[in-house]
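As a plain string of letters, each chain reads:
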Amino acid sequence: MTLTRTSHSEVDLFSDEVLVDPYPVYRDLRDRGGAVRLSALDVWAIPRYADVRRALADWAGFSSRGIALNEPVNRMLVGSVLASDPPFHDTLRAVLSARLGPRAVRPLQAEIAGRAERLVDELVERGSFDAVTDLAVAFPFSVVFDLIGIPDDARPKMLGWADATFTVFGPLNERTLGGLDAIGEMFGWLGTLQATDLKEGSMGRDIFRAADEGRIGRESCIPLLAAYTSAGLDTTINAIANAVHLLGTHPDQWDLVTADPGLVPSALNEVLRYDAPVQGFGRTVTGDIEIDGAPVRSGSQVLLLYGSGNRDERRYPEPDRFDVTRNPVDHLAFGYGTHACAGQALARLEAHAVLTALATRVRRFRVGEPVRHLNNVVRGLERLPVDGLELR
Amino acid sequence: MRLSVHRDRCEGYGLCVDEASSLLHLDDDGELVLDAEEVEPELSGVAEAAVRVCPVAALTMD
Ligand code: HEM
Ligand code: SF4
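Criteria and thresholds
Residues numbered from 1 in each chain as written. Chains lettered and ligands numbered in written order. Predicted model: local features only at pLDDT ≥ 70, side-chain atom pairs only at ≥ 80, totals over all residues. Heavy atoms only, no water. UniProt positions renumbered as here; feature names shortened; annotations may be inferred. Axes fitted to C-alpha atoms, helices over the stretch in contact; angles between N-to-C directions. Helix = DSSP H or I, 4+ residues; strand = E, 2+ residues; numbered from the N terminus. Parallel < 35°, antiparallel > 145°, perpendicular 65-115°, else oblique. Left-handed = near helix turned anticlockwise from the far one by under 90°. Contact = heavy atoms within 4.5 Å. Nonpolar A, V, L, I, M, F, W, Y, C, P; charged D, E, K, R; others polar. Near = heavy atom within 4 Å. Polar contact = N/O pair within 3.5 Å; in protein donor to acceptor, adjacent residues only side chain to side chain. Buried area = accessible area lost by both parts, 1.4 Å probe. Salt bridge = Lys/Arg side-chain N within 4 Å of Asp/Glu carboxyl O. Core = buried A, V, L, I, M, F, W, Y, C linked by side-chain atoms within 4.5 Å. Buried < 20%, exposed > 50% of the residue type's maximum accessible area, 1.4 Å probe, protein only. Phe/Tyr/Trp six-rings, centres within 6.5 Å; stacked < 30°, edge-to-face > 60°. Lys NZ or Arg CZ within 6 Å of the ring centre and 35° of its normal.

By the naming in an unreviewed UniProt entry, chain B is Ferredoxin, taken from Pseudonocardia halophobica. Heading Cofactor (unreviewed entry) of the UniProt record for chain B holds this comment: "[3Fe-4S] cluster".

As recorded by an unreviewed UniProt entry, chain A carries the name Cytochrome P450 and is attributed to Pseudonocardia halophobica.

Draft legend 1. Spatial organisation of the packing of helix H8 (residues 131-148) of chain A against helix H17 (residues 344-359) of chain A. All names here are of chain A. Taken N-terminus to C-terminus, the directions of H8 and H17 make an angle of 135 degrees; their axes are 11 Å apart at the nearest point. It follows that H8 is oblique to H17 by the angle criterion. Note that H8 runs across H17; the crossing there is right-handed. Contacts from Leu135, Phe139, Pro140, Val143, Val144 and Leu147 in H8 reach Leu346, Glu350, Val354 and Leu358 in H17. Its residues assigned to classes, the contact of H8 with H17 shows 9 nonpolar, no polar and 1 charged.

Draft legend 2. Structural detail: the site of ligand 1. Residues and elements named next belong to chain A. Around ligand 1, the surrounding shell holds 27 residues, and the nearest of these are His89, Arg93, Tyr306, His339 and Cys341. Arginine 93 places a polar side-chain atom, nitrogen or oxygen, 2.9 Å from an oxygen atom of ligand 1. For ligand 1, an oxygen atom lies 2.6 Å from a polar atom in the side chain of histidine 339. Secondary-structure elements contributing two or more residues to the shell around ligand 1 are helix H5 (88-100), helix H13 (234-249) and strand E6 (281-285). In terms of residue count, H5 provides more of the shell around ligand 1 than any other element does, 4 residues in total. The residue makeup of the shell around ligand 1, split by class, is 17 nonpolar, 8 polar and 2 charged.

Draft legend 3. Layout of the interface of chain A and chain B. Across the boundary between the two partners, chain A contributes 20 residues, which contact 16 residues of chain B. Taken over both partners, the interface formed by chain A and chain B buries close to 1400 Å², and the fraction arising from carbon and sulfur atoms is 44%. Interface area lost by chain A to chain B is led by Pro102(A), Arg103(A) and Val329(A), which between them contribute 37%. At the boundary of chain A with chain B, the tally comes to 3 salt bridges. Between chain A and chain B we count 7 residue pairs in polar contact (both at pLDDT 80 or more) in total. Mapped by element, the contributors of at least two residues to the side of chain A that touches chain B are helix H3 (49-56), H5, helix H6 (102-105) and H17 of chain A. Element by element, the count of residues in the side of chain A that touches chain B is highest for H17(A), at 3 residues. Tallied by class, the residues present in the side of chain A that touches chain B amount to 9 nonpolar, 4 polar and 7 charged.

Draft legend 4. Geometry of the nonpolar core. Formed by 142 residues in total, the largest nonpolar core has its most connected members in Leu135(A), Met158(A), Leu225(A) and Leu24(B). For this core, the leading source of residues is H8(A), giving 12 residues. In contact with Leu225(A), other than residues within four places in its own chain, are Ile148(A), Leu190(A), Leu193(A), Leu198(A), Gly204(A), Ile207(A) and Phe208(A). One finds Tyr23(A), Leu29(A), Ala45(A) and Leu69(A) within the second-largest nonpolar core, a separate group that totals 15 residues.

Draft legend 5. Main features of the packing of aromatic side chains. Residues and elements named next belong to chain A. Within this structure, the stated rule accounts for 10 aromatic pairs over all chains. Arranged with centres 5.8 Å apart and planes meeting at 40 degrees, the rings of tryptophan 161 and tryptophan 189 form a pair that is tilted. Of this pair, tryptophan 161 sits in helix H9 (residues 155-167) while tryptophan 189 sits in helix H10 (residues 174-191); the two residues are 28 residues apart in sequence, bridging distant segments of the chain. Taken together, a centroid distance of 5.4 Å and an interplanar angle of 85 degrees make the contact between tryptophan 254 and phenylalanine 365 edge-to-face. In this pair, tryptophan 254 is assigned in helix H14 (residues 251-259) and phenylalanine 365 in strand E10 (residues 362-367), connecting sequence segments 111 residues apart. Counting every residue linked through ring pairs, the aromatic cluster contains Phe166, Phe169, Phe281 and Tyr306. One Lys or Arg, arginine 273, reaches over the ring of tyrosine 316 and ends 5.2 Å from the middle of that ring.

This is the structure:
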């Protein structure tokens, strides 16, 4: 007989206080065990790096049909790339990766770098700006909208929609309930789109072409379009916002980057490790298993905590130290395995472009008091004033 | 030990190449090429590092 033990925690991971600074709570969960029963939610938290990686590598044992922590949203996501398991998943993913994979986005690099330089020049000229609205939001919006090819009239609404699409992955709390209305509105609008509403040659138009050619079903078009619009915005926005925040509050680290802009990719990996834009996603366990001695029954809901695994002292020495030379290439911010972020090549391209443009122009900058944006899943900022620029 | 790439999974991130440039490279089209399937024992650490960093788990060693 194996000896089993079950760790519990009463913490509400989705309360305002925890969302503002989840890291002490994550550490407590990691200390309790590899799987910790969250009594308030009927969910197992998986807080350690190795267990999260193992689960992500095993799509059959950890099904994505339980990607959200509530049933209404899991039902809504049936048929989407994020919530499907292979083999259906792979059919949808192939359509996305044909346009989002490294081979496909490499030719966009010069154009994206040029856009970043123009935007950063304009902000530097102004002398002070809000790093969230004027940079972190403005940049991915300008890049991603053009690539997807969706009509301009949706832009003002899209930020709120994108934010809602992540918050609703949480348990059915106030934030989730509020988000559900926005999602309904987004799908309503997406549902009205025809192939001809999307720019010729765009990634969005390609989805409809894949349906015309019989590579995917008609019914997959709108879910795939939603994957682009929602997954590609809030995440990249907050990665850039978190980067400016962390580099602004660690001037010694910024000095390293400006002295050698070749460090930008490593610095971005460290930003993503330190403050994962997506803090966690769910899975449904498909068989009776044991995680670190805890018996987890078939059908149980687990929550894979990327944001905690990235701070696991078992994996990264001094995990709470922000170190741009660390280059933690195996961080969990993009997930791993079957569902690993399909947009990571584009996300990296965008973030590298912005950070390189900053590093080659701005020797020093000052960040004011940030305002956190609270979302059940996404860790990021609402406002981040920047001034005191010293140019190179 | 043998290193293999699952073509249907590999999306060409090239992170593996950064770890093990002596074992694999990306060709001009961005397709991954294995330079040696059989991994010499002294390179097994390097090969394991490549397997580890692939974001989509497209590399395996056996
Ligand atoms: C820094 C920015 C980004 C972060 C941190 C991020 C994070 C993630 C994570 C953690 C997953 C894994 C989901 C899981 O484990 O179930 C994921 C999946 C995905 N991401 Fe991203 N993402 C980013 C940018 C983007 C962009 C720019 C796009 C597209 C334009 C995108 C499209 C997708 C899609 C389509 C999936 C689903 C893949 C699948 O289920 O096979 N992401 N992302
Ligand atoms: S890291 Fe993985 S996906 Fe990228 S080239 Fe290597 S095997 Fe292919």
